[in-house]
Amino acid sequence: MMRLIHAWQNSLRAFRRLASGEAAFRQELALLVLALPVGWFVSTSWSGYALLVGAVLLLMLVEVLNTGIEAACNAVSREFNADIQLAKDCGSLAVLIAVVLAAGIWIVAIAGRLAGGAA
């Protein structure tokens, strides 16, 4: 049980740090707060609502991992290194892919709702 408590404390520490120090994470957190009620009106089913909110949570997950990659790379060296640049660029690409995925899911759901179909 203590392991779960420590894991929870570590997660809260990371959340507080990201929420206070990472602009991208704050934007995505605001997007989640917005997505919770808007998704309710856009979706026509519980599974549709879960997909909409889940897309935003997936985006946040990828952002958290990208921030972790950047922090680890910065801890190793702040000097230019092609491998570190690749690691950071890959993290950035992962965030971009998550943004495109989330946007696509929301666009399809909104279009379906406006067309009167199931989303």
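A quick note: this is a predicted structure, and the numbers were derived from the prediction, not measured.

### What to know about the packing of helix α2 (residues 23-42) against helix α4 (residues 82-114)
A pair of packed helices can be characterised by two numbers: the angle between their axes and the separation between those axes.
For step 1, the next point in the chain: Two numbers describe how α2 lies on α4: the axes approach to 10 Å, and their chain directions differ by 40°. Taken together, the axes of α2 and α4 lie oblique to each other. Where α2 approaches α4, its residues A35, V38, G39, F41 and V42 are matched on the opposing element by W106, A109, I110 and R113.
For step 2, the next point in the chain: In the contact of α2 with α4, the residues fall into 7 nonpolar, 1 polar and 1 charged.

### Focus on the packing of aromatic side chains
For step 1, the next point in the chain: Within this structure, the stated rule accounts for 4 aromatic pairs.
For step 2, the next point in the chain: With a centroid separation of 5.7 Å and 85° between ring planes, the pair formed by W40 and Y49 is classed as edge-to-face.
For step 3, the next point in the chain: One aromatic cluster is present, built from ring pairs that chain together W40, W46 and Y49.

### A look at the nonpolar core
For step 1, the next point in the chain: By size, the foremost hydrophobic cluster in this structure holds 16 residues, and its most contacted members are F25, L32, V42, L52, V56 and W106.
For step 2, the next point in the chain: Among the elements that make up this core, the one with the highest residue count is helix α3 (residues 46-76) (6 residues).
For step 3, the next point in the chain: Here V56 is in contact with E28, L31, L32, A35 and W106, once residues within four sequence places are set aside.

Scoring rules and cut-offs
Residues numbered from 1 in each chain as written. Predicted model: local features only at pLDDT ≥ 70, side-chain atom pairs only at ≥ 80, totals over all residues. Heavy atoms only, no water. Axes fitted to C-alpha atoms, helices over the stretch in contact; angles between N-to-C directions. Helix = DSSP H or I, 4+ residues; strand = E, 2+ residues; numbered from the N terminus. Parallel < 35°, antiparallel > 145°, perpendicular 65-115°, else oblique. Contact = heavy atoms within 4.5 Å. Nonpolar A, V, L, I, M, F, W, Y, C, P; charged D, E, K, R; others polar. Phe/Tyr/Trp six-rings, centres within 6.5 Å; stacked < 30°, edge-to-face > 60°. Core = buried A, V, L, I, M, F, W, Y, C linked by side-chain atoms within 4.5 Å. Buried < 20%, exposed > 50% of the residue type's maximum accessible area, 1.4 Å probe, protein only.

Structural measurements only, silent on function.
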